Amino acid sequence: MIRSIARFLPFVALLVLIPFLLPGGRLGSYYLTLLILSLSYAVAALGLTVLLGYSGQISLAQAAFFGIGAYTFSVLAVNHHVGYWSAALAAVVVTTGFGLFLGAISLRLASHYLALVTIGFQIITELVLNNWNAMTGGADGISNIPRPSLFGYAINSDHGFYFISVAVLVLASYVVFRLRHSRLGGALFALREDEIAASANGISLFRTKVLAFAVSAALAAMGGILYASGSLYISPNVFNFYQSVSFFAMALVGGQASIVGTTLGAGLITFLPEVLRFLHAYYIAVYGVLVVVVVLFMPEGLYGLLLRGVGAVTTLVLGRREDGRDEVAYLKSDAVPERPVASDRPLLEIRDLAKHFGGIKAVNGVSLTVNRGDVAVLIGPNGSGKTTVLNVLSGIYTATAGSIVYDGKEITNLGPTRINRLGISRTFQNIRLFPELTALENVAVGHYRRGTVGLAGALLSRPRGYREEREAMEKARETLHFLGFVRLDVKAKNLPYGQQRIVEIARAIVSGPELLLLDEPAAGMNHEETEVLSQILYRIHALGVTMLLIEHDMSFVSSVATRAYVMDFGQKISEGSVKQVLSDPAVMKAYLGDDVEYA
Amino acid sequence: MFSEFIQLTIAGLAVGSIYALIALGFVLIYTSVNVVNFAQGDFAMIGAYFMVSLVVVLHLPWWLALVLAVVATGLVGALFQLLIFQPVRNRPRNFLPVMIATVGASVFLEQAFLLIYGPIPYQLPPIFKADSVAVFGVHVYPQYIVIIVVTAAMVALLNWFLERTKLGKQLQATAQDPDTARLMGIRVAWMAALTFAISTALGGLAGLLIAPVYTVTATMGSSIALKAFAAAIVGGFGSMKGAIVGGLGIGLIETYGATYISGSYRDAFPFIVLILFLIFRPYGLFGEKVSQKV
Amino acid sequence: MSNMLEVSNIQSRYGQVTALHDISIEVRAGEVVALLGVNGAGKSTTLKTISGLLHPTRGEVRFEGERIERMAPEAIVRRGIAHVPEGRHVFPGLTVRENLIMGTSNRKVSRAETERDIEGILEIFPDLKRLYTQMGWSLSGGQQQMLAIGRGLMAKPRLLMLDEPSLGLAPVIVKQVFATIARINAQGTTVLLVEQNVNLSLKVAHRAYLLETGRIVRADTTEALRADEGFRAAMLGAGAH
């Protein structure tokens, strides 16, 4: 943590030094004005780092929030003579309110749609700023905007205000940084990477999206206040759609999820006109082309490219560091842990469950009971409806008919987040890890439902925030260790298939669920990996976790399951011990097909 | 009073037709390649400038100029697709980069045409020179009638193409399941190019039809496009029927609102309608709620 | 008999994951060849690599002597390989008739010829006649499977690849599907079949390959495999050795 913060120090030092490196005279003061503008943009663009970079939500309304912040502040400070800091605080609060509103709408919209909505919000804001003459001064804008005083000293000079702006930027960066490393940061990333997996890990999509929008709006407001106070004058045309695009460009150029990158992006986009001045009339057209090229061909942004270049050079000079690619120390223990005996108290009861898609009856009246301590397996040919049962069970699909009772409580159609919070967690057939997060971070997200720290806690209550954060990481590390997994810092997308499965299982058990649902955990694994997997399931079972799994590999099923249910064609056709069901003629027929002549 | 209402209705339907044409372009591209083209409005501008060149400079007859301008706009659209969408078509999550790239392209196109045609607005003569024409005894601006008729014809043509021709069905098949379409032998890259060509040609048509009502400037497309965009959402982004109904509805509401409520908020009415829809019916009039696949 | 399809030592990846390690398959003109194996063994990936949806990282695929492993799917289907994908993938928003017509996208056909071909398909799948103007999404699983196979046949392929045609179908429908496969083959179309229904596959196919984690572990005639009790046991307790 301390080391991560230390990384920022050179940039802060640079920011502090810049004014002393500027040329004197008029040019120097012109550059200083531009620098102050860049800083205000950077603070607002950091909002996009959170919203777009972390949570993956698209907003083209950042300039609207920037404007709402600037106007609320200016109207209060100029027209109503409210004190500087009170006006600023009020502006942040008001803007955050609008952010909450937009975030609340966003839940109901897929990401593409959301972008469209934010544009609507942007346009409406522009119209109101332009037309509400009594409040905003219309197209004339508001002038004579004050600058702050600190400890009794009025800070009126550009130099003084520049340092205030740097301080605000540092504060904003700290907020974003703390958020990033808190439990909420994990939730934001999970949201970006995979909404279904996020909600299956107990993360409320609604609260997380609203949070991202609120933080983003608050930062935009802070930027807007700096802007107003820095340029002493505001008018509606600063806060238009193109400014929103410009904020986007700052975040993208800098690399969406990087604090330093975004700050540099803000500087670059603000100074680009100066750099391109030699192009005269062609400058804006060239700017448009640059945006296209950067966005399409540099997915990690210029800053990301720069970092990669630096990395490549370092590797060239210092040689490659071993990343321990081959030291996969799967746990190999011969001691079979003692497994609990299944009780006869039901934990999960499914009654007459049905799920239809259009003309297809994927599940058509399935009833089954899983007792505490069971390792129940659901088998059946492909397409017999097993995965659909699991998806309805975990709240991802809604049932067409039937009921599900868990631990005596009716949980039919509760939604994935709430079902997870009751202690049911799952893995997916096609593995839904968060690809850009490391193995450790993935598992830490699984711990989310055990955490309590909210936004204020993450930002203010350092001891508790830190403690929870450390605890989640510790738990994640422990769980991975428990499963014999060592490549903690490798991004999930770079792990081989078998290891991804292990990480996904770790994510599902890190929060200590009572019921674990596994969808084809052995699919695509070789013989050796499957053996390891049985070991792992033994250990999890030994912890007292009840399991329901779908599996095709019969030798694996025979070794782990205490009870089996067979499905075919959307219905349950057999149940009993694995041995019993495998010798059932109906099951043979379902699996291998009929033995009679077909034609 | 009544005749004013009829005049307003016709004006509203005409403006709405323009929104509908551009909204159709949004929807076609969105349903087929799942991106939103924010340069859609600039193709209206391009169509209008092409029309200016063909009519004002080359003195071609208007019907020939109209066909040439629409086709030329479609070609520019196909080229645009080649540069903006083709390079990243197979990249996962390409929605955001492509969308921002289209905004960048929009900036570029506006500037490029500004540099080519200069900052002075062009006036495109209306297709019929008369100042007004009587419809049911009410005097209306003839260009409005042209807009409504040509749009209706275009929508009918598009419907025929999509529903009655094999190529149209191939276009739909590609939108519904591109991988399977490839397995059938449908050239999906061509289909994407064709989709962009059709969508941008519709935009071009909208631009050259509305040009005589406004003036031709480099930025004429962007404000129209934003309202068309609102129309597409109100209709249910992804529904062609929605785009048409949404476009006409927005046109009428804007026109009535500007006259009966407040002229200075003329541009706000479409977006107020939009916000109301977003709160109470976010998937629009004809949109279907789609759930993510597990 | 010469080899119609020759797959030599291909390796394929899904992202970072190697799905096929070393697969070699031969299909002769007129044969029905089955690919068997558990989920994740690489059967579907093999078909996708042949039809061009995936490109192998190593190895080559020859169809009638021509190398096709770098070609796009739309080019490969023009050469006479039709791939009916797993899960049927009927176009949901098109009618049965329109779905069938899409099958002819790999060649130039006259209207009359299209109508004649559709007649031929409806003869094989009489059920589709009744559903002719219904949308793809409204069909049941079995009906969709018929449509998908019919659509594949509309391409007039010399090699028809079927991925799990019995998936999710009622036993009686499965029998119909397999009877159809035998009939299609008898009419001269070569078939490469991926199936989980081992018994029926062994009946309809001439030869079979058994895949396991991206490798071929056994290749034999179906007579030999049928006679081998151990093989059957292995298929039921898949993964056991």
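Residues numbered from 1 in each chain as written. Chains lettered and ligands numbered in written order. Predicted model: local features only at pLDDT ≥ 70, side-chain atom pairs only at ≥ 80, totals over all residues. Heavy atoms only, no water.

### Observations concerning the pattern of salt bridges
Operational definition: Each salt bridge in this description consists of a side-chain nitrogen of Lys or Arg and a carboxyl oxygen of Asp or Glu lying within 4 Å of one another. Exposure is judged per residue with a 1.4 Å probe applied to protein chains only, and the accessible area is read against the type maximum: over 50% gives exposed, under 20% gives buried, and values in between give partly exposed. Each helix corresponds to a stretch of at least 4 residues labelled H or I by DSSP, and each strand to a stretch of at least 2 residues labelled E; elements are numbered beginning at the N terminus.
For the structure shown, the criterion picks out 35 salt bridges over all chains. Of the charged contacts in the structure, one is a salt bridge between Glu-349 of chain A and Arg-351 of chain A, with a shortest N-O distance of 3.5 Å. Since its relative accessible area comes to 40%, Arg-351 of chain A is described here as partly exposed. Measuring nitrogen to oxygen at the nearest pair gives 2.9 Å for the salt bridge that ties Arg-97 of chain C to Glu-115 of chain C. Of this pair, Arg-97 of chain C sits in helix H3 (residues 96–102) while Glu-115 of chain C sits in helix H4 (residues 111–124); the two residues are 18 residues apart in sequence, bridging distant segments of the chain. Here the salt bridges do not stand alone but share partners, grouping Glu-60, Arg-62, Arg-67 and Glu-69 of chain C into one network.

### A look at the interface of chain B and chain A
Rule in force here: Any pair of residues with heavy atoms lying within 4.5 Å of one another is described as a contacting pair. Simply put, the buried area is the total loss of 1.4 Å probe accessible area from both parts when two parts are fitted together. The classification used treats Ala, Val, Leu, Ile, Met, Phe, Trp, Tyr, Cys and Pro as nonpolar, Asp, Glu, Lys and Arg as charged, and all other residues, Gly among them, as polar.
With 48 residues of chain B at the interface, the matching set in chain A holds 48 residues. Overall, the association of chain B and chain A removes approximately 4100 Å² of surface from exposure, summing both partners, and the carbon and sulfur fraction of that is 75%. Scanning the region where chain B abuts chain A turns up 0 salt bridges. Those elements that provide at least two residues to the side of chain B that touches chain A are helix H3 (62–84), helix H4 (95–117), helix H9 (220–235) and helix H11 (269–280) of chain B. Per-element accounting of the side of chain B that touches chain A gives the leading share, 16 residues, to H4 of chain B. Its residues assigned to classes, the side of chain B that touches chain A comprises 35 nonpolar, 8 polar and 5 charged.

### Quick notes on the nonpolar core
The cut-off we apply is this: Each nonpolar core is a collection of buried residues, namely Ala, Val, Leu, Ile, Met, Phe, Trp, Tyr and Cys, held together in the definition by side-chain atoms within 4.5 Å.
Ranked by size, the top nonpolar core spans 299 residues in total, and within it Phe-73 of chain A together with Met-99 of chain B carry the most contacts. Here the element with the most residues in this core is helix H3 (residues 25–54) of chain A; it accounts for 17 residues. In contact with Phe-73 of chain A, not counting residues within four places along its chain, are Tyr-84, Ala-87, Ala-88, Ala-91, Ile-145, Pro-146, Ile-225, Ala-228 and Ser-229 of chain A. Counting 49 residues, the second largest nonpolar core, distinct from the first, contains Ile-431, Ala-444, Ala-522 and Tyr-591 of chain A.

### Looking at the sheet that holds strand E6 (residues 401–406) of chain A
Residues and elements named next belong to chain A. The condition is simple: For two strands to count as paired, DSSP must find a minimum of two bridges between them. Simply put, an axis is a line fit to the C-alpha atoms, just over the touching stretch for a helix, and the angle between two N-to-C directions goes from 0 to 180 degrees.
Spatial strand order, E4-E3-E6-E7: 4 strands in an open sheet with antiparallel pairing. Bordering the open sheet on either side are strand E4 (360–371) and strand E7 (409–410), each of which pairs with just one other strand. One ladder, built from 5 bridges, connects strand E3 (residues 346–357) with E6; its direction is antiparallel. Note on E6: the bridge partner recorded for Ile-350 is Ile-404. Lying on the sheet, helix H16 (residues 386–393) is in contact with E3, E4 and E6; it crosses E3 at an angle near 115 degrees.

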